[in-house]
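# Overview (structure and organization)
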Amino acid sequence: MSKNAVYWLWLQKALGEGAFFKEIIKDFGGVKALYDSNILEWKMSPALVSKQISRLEKAKLSDAENMARLCERNGWQIIDYDDDRYPQRLREIVNPPAVLYVDGELPDIDSRVVLGIVGTRRASEYAVKVTGLMSGGVARCGAVVVSGGALGVDSAAHRGALSVNGKTVAVLGCGFGTNYLAANRPLRNAIKNGGALVTEFPPFTPATKYTFPLRNRLISALSLGVLVVEAGVKSGSLITAEFALEQGRDVFAVPCSILSPDYAGTNKLIEDGATIALKPADLLFPYAERFKIDMSKVKTVNELMEETADKNANIAGAAEDKLSFERLEEGRQKIEKREKALFGLSESCKTVYGVLTESFQHIDIITEKCAMPVSAVLSALTALEIADLAQSAGGKRYKRS
């Protein structure tokens, strides 16, 4: 913490997260000078409005001091606007956070290539795989991967970086100490050990629909460029992309299938001028000269896929002798169970099951393959799900269980 940390905590408490305080601090010459000024001086300032003055009056420094002690007890760092560790990239935006709460070790943001990777929570298997390859590919070259710690693309981005011992930062839309997304707690712990969890929200602040847009502006602000993987036309990922453009950051996008209207937002970004990203090198090339990246060492997608396959093969090979009989028996039982379940179902169910694959497909593709009315296909899919023969995901996508 800087010597002025409690005053920044006081200011944040008074004006709220995302407040526009830069002109206020400039007018008073510093946050402590603002605190030390009297109400008459506040009223005379052209940078303050009456509502802000009222909130400054009500805010107590003792609350800020209690917050500082709470964070210290829990091992949460406070990086305020006056702190030398505060990223310069955040200072550039119009409404930087007065305070960052950090769990872990925040990398030196300003001296590294930092890339934001965002996308839908209901990611397809394709999106998860692509995200992991892109994230791992840039992280192994020294880039820091920033995302939002959510399910789907966010989780794949963090895991991709961690899989190559890279650095990753999760910007949260809630305060530390909340129960938000308990399922991702193990991943957040891994991120903390391989980078940092960051939030501008005080401890125990719950996640709401208002906190996530504020979170999104920080993902883009910390980054030099933002990659969008699978996004709907009204998604939070597109909000992040909009912030990136406003902040002068680069925007990249992985093309989606034109048969997937649920993710049309990504292709719309490309239509509007986003750079198409087909490989990790596409994300690193704009910054190679500035950060002295040897582009000849950047792996291609095929090379990364081969490495992944080799790694999985080694893991599988190590357990082959021990598990071969168990796998054979499990496979036999699964086939018998599936045949029994299919036996009692209608012909339309069997037809639909016949076109399902191990990967998710959109309902339109399934319907086209079956040459059946969509209503009949949906009815059959429901029966297959009840029989545990099919599995659904967001965006009207289905696969075999």
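Preceding block: the structure.
A few points on the structure. The shown structure was predicted, so the numbers you read here are calculated from the model rather than taken from an experiment.

Pairing within the open sheet is mixed, and its nine strands lie in the order E1-E2-E6-E5-E4-E3-E7-E8-E9. Each edge of the sheet is formed by a strand with only one pairing partner; in this case those strands are strand E1 (77-80) and strand E9 (275-276). Direction of pairing for strand E3 (residues 114-119) relative to strand E4 (residues 144-147): parallel, over a ladder of three bridges. Within E4, the residue paired with Val114 across the bridge is Val144. Contacting strand E2 (99-104), E3, E4, strand E5 (168-171) and strand E7 (225-229), helix H11 (residues 211-222) crosses the sheet at an angle of about 155° to E5. With respect to the sheet, helix H13 (residues 264-271) is in contact with E7, strand E8 (250-254) and E9, its orientation differing from that of E8 by roughly 130°.

With that settled, the discussion passes to the packing of aromatic side chains. Applying the stated criterion across every chain yields a total of ten aromatic pairs. Between Trp8 and Tyr81, the ring centres sit 5.3 Å apart and the planes meet at 55°, which makes this aromatic pair tilted. Residue Trp8 is found in helix H1 (residues 5-15), and its partner Tyr81 is found in the loop between E1 and helix H7 (88-91); the two are separated by 73 residues along the sequence. Take Trp8 and Tyr81: they sit in the same class, and that class is buried. Centre to centre, the rings of Trp76 and Phe204 are 6.4 Å apart; their planes meet at 70°, and the pair counts as edge-to-face.

For the rest of this paragraph, the subject is the sheet that holds strand E10 (residues 361-362). Strand order in this open sheet of three strands is E10-E12-E11, and the pairing throughout is antiparallel. Strand pairing shows two members of the sheet lacking a second neighbour, E10 and strand E11 (390-393), which therefore form its edges. Running at roughly 115° to E11, helix H19 (residues 374-386) makes contact with E11 and strand E12 (397-400) of the sheet.

When the terminal C-alpha atoms of H11 are compared, their 17 Å separation across twelve residues agrees well with the 16 Å that a helix rising 1.5 Å per residue should span. Of the positions making up H11, those classed as buried are Thr211, Phe212, Arg215, Asn216, Arg217, Leu218, Ile219, Ser220, Ala221 and Leu222.

A few words on the nonpolar core. Within the largest apolar cluster, 69 residues are counted, with the highest numbers of intra-cluster contacts made by Trp8, Trp10, Leu11, Leu34 and Leu56. Counting residues per element, this core draws most heavily on H1, which supplies eight residues. Non-local contacts of Leu11, meaning those with residues more than four positions away in its chain, are made with Gly16, Phe21, Ile25, Val31, Leu34 and Leu56. One finds Ala127, Ala161, Ala277 and Tyr287 within the second-largest nonpolar core, a separate group that totals 28 residues.

Side chains of residues three or four places apart in an α-helix project in the same direction, reflecting 3.6 residues per turn. For helix H8 (residues 125-139), built from 15 residues, the straight-helix expectation of 21 Å at 1.5 Å per residue is met to within 8% by its first-to-last C-alpha distance of 21 Å. Listed in full, the buried residues belonging to H8 are Ala127, Val130, Thr131, Leu133, Met134, Ser135, Gly136, Gly137, Val138 and Ala139.

The next thing to look at is the pairing of E3. Of all the six residues making up E3, six are buried; the element is thus mostly covered by neighbouring parts of the structure. Burial along E3 is two-sided: the face carrying Val114, Gly116 and Val118 and the face carrying Leu115, Ile117 and Gly119 are both buried. On the question of chirality, the crossover connecting E3 to the parallel E4 by way of H8 is right-handed. Both E3 and E7 contribute to a ladder of five bridges, which runs parallel. For Leu115, the partnering residue across the bridge sits in E7 and is Gly225.

A contiguous nonpolar surface patch, about 310 Å² in accessible area, is contributed by Ile39, Leu40 and Met44. One can find Met44 in helix H4 (residues 39-44).

Side chains Val144 and Val146 of E4 all project onto a buried face; the interleaved residues Val145 and Ser147 project onto the opposite face, where all are buried too. In this structure, E4 lies alongside E5, joined through three bridges in parallel fashion. Bridge assignment links Val146 to a residue of E5, and that residue is Val169. Between the parallel pair E4 and E5, the chain is carried across by helix H9 (residues 153-163), and the sense of this crossover is right-handed.

Time to look at the environment of Val301. The topology assignment puts Val301 in helix H16 (residues 301-343). Taking the relative accessible area as the measure of exposure, Val301 reaches 25% and is therefore partly exposed. Through-space distance from the C-alpha of Val301 to that of Val146 is 20 Å; in sequence the pair is 155 residues apart.

Turning our attention to the packing of H11 against helix H12 (residues 236-246). Running from amino to carboxyl end, H11 crosses H12 at an angle of 50°, the nearest separation of the two axes being 8 Å. Of the possible angle classes, the one that applies to H11 and H12 is oblique. The two elements H11 and H12 meet at a crossing, and its hand is right-handed. Along its contact with H11, which presents Pro213, Asn216, Arg217, Ile219 and Ser220, the element H12 presents Gly236, Ile239, Thr240, Phe243 and Ala244. Among the residues forming the contact of H11 with H12, the class breakdown is five nonpolar, four polar and one charged.

Here the focus is the side chain of Asp282. Of note, Asp282 is situated in helix H14 (residues 280-284). Residue classification places Asp282 among the buried positions, given a relative accessible area of 19%. For Asp282, the side chain forms a polar contact with the side chain of Lys279, separated by 2.9 Å. Apart from the residues within four sequence positions on either side, Asp282 is in contact with Phe252, Ile276 and Ala277.

Moving on, we get to the state of the cysteines. Scanning the model with the defined rule gives zero disulfides in all. This cysteine, Cys370, is not joined by any disulfide, and Cys349 carries the nearest cysteine sulfur, 10 Å off. The class of Cys370 is buried, set by a relative accessible area of 10%.

Criteria and cut-off values
The residue numbering used here restarts from 1 in each chain and proceeds along that chain's sequence as written. For a predicted model such as this one, the threshold for reporting local features is a pLDDT of at least 70, and the threshold for listing and counting side-chain atom pairs is 80 or more; totals across whole chains, interfaces and linings nevertheless cover every residue. Here the side-chain values reflect all heavy atoms present in the structure, with hydrogen atoms and water set aside. Paired strands, as defined in this entry, are two strands with at least two bridges between them according to DSSP. Only DSSP runs of H or I covering at least 4 residues are called helices, and only runs of E covering at least 2 are called strands; the numbering of each starts at the N terminus. Residues are treated as being in contact if the distance between any of their heavy atoms lies within 4.5 Å. The convention used is that axes are lines fitted to C-alpha atoms, helices contributing only their stretch in contact, and that angles between N-to-C directions extend from 0 to 180 degrees. Think of it this way: a Phe, Tyr or Trp ring, Trp meaning its six-membered ring, pairs with another when their centres are within 6.5 Å, and the plane angle makes it stacked under 30 degrees, edge-to-face over 60, tilted otherwise. Remark: exposure states derive from per-residue accessible area (1.4 Å probe, protein chains only) relative to the maximum for the residue type, with buried under 20%, exposed over 50%, and partly exposed in between. By definition here, a helix of n residues has an expected span of 1.5 Å times n minus one. The set of buried Ala, Val, Leu, Ile, Met, Phe, Trp, Tyr and Cys residues whose side-chain atoms join them within 4.5 Å is what this entry labels a nonpolar core. A clockwise course of the path from the first strand over the helix to the second, judged with the strands pointing away from the viewer, identifies a crossover as right-handed. Candidates for patches are residues over 30% relative accessible area with no salt bridge; among them, like charges are joined within 9 Å and nonpolar side chains (Val, Leu, Ile, Met, Phe, Trp, Tyr) within 5 Å. Note on areas: Shrake-Rupley, 1.4 Å probe, and residue coverage restricted to the protein chains presented here. By definition, a salt bridge exists where a carboxyl oxygen of Asp or Glu is found within 4 Å of a side-chain nitrogen of Lys or Arg. Should an angle fall under 35 degrees it is taken as roughly parallel, and over 145 as roughly antiparallel, whereas 65 to 115 is taken as roughly perpendicular and any remaining angle as oblique. Handedness of each helix crossing follows the sense of rotation of the near helix against the far helix: counterclockwise by less than a right angle gives left-handed, clockwise gives right-handed. Gly counts as polar in this scheme, as do all residues outside two lists: the nonpolar Ala, Val, Leu, Ile, Met, Phe, Trp, Tyr, Cys and Pro, and the charged Asp, Glu, Lys and Arg. Counting of polar contacts relies on pairs of N or O atoms within 3.5 Å, with two restrictions inside protein: one atom must be capable of donating a hydrogen and the other of accepting it, and residues adjacent in sequence are counted only when both atoms are side-chain atoms. Pairs of cysteine sulfur atoms within 2.5 Å are identified as disulfides in what follows.

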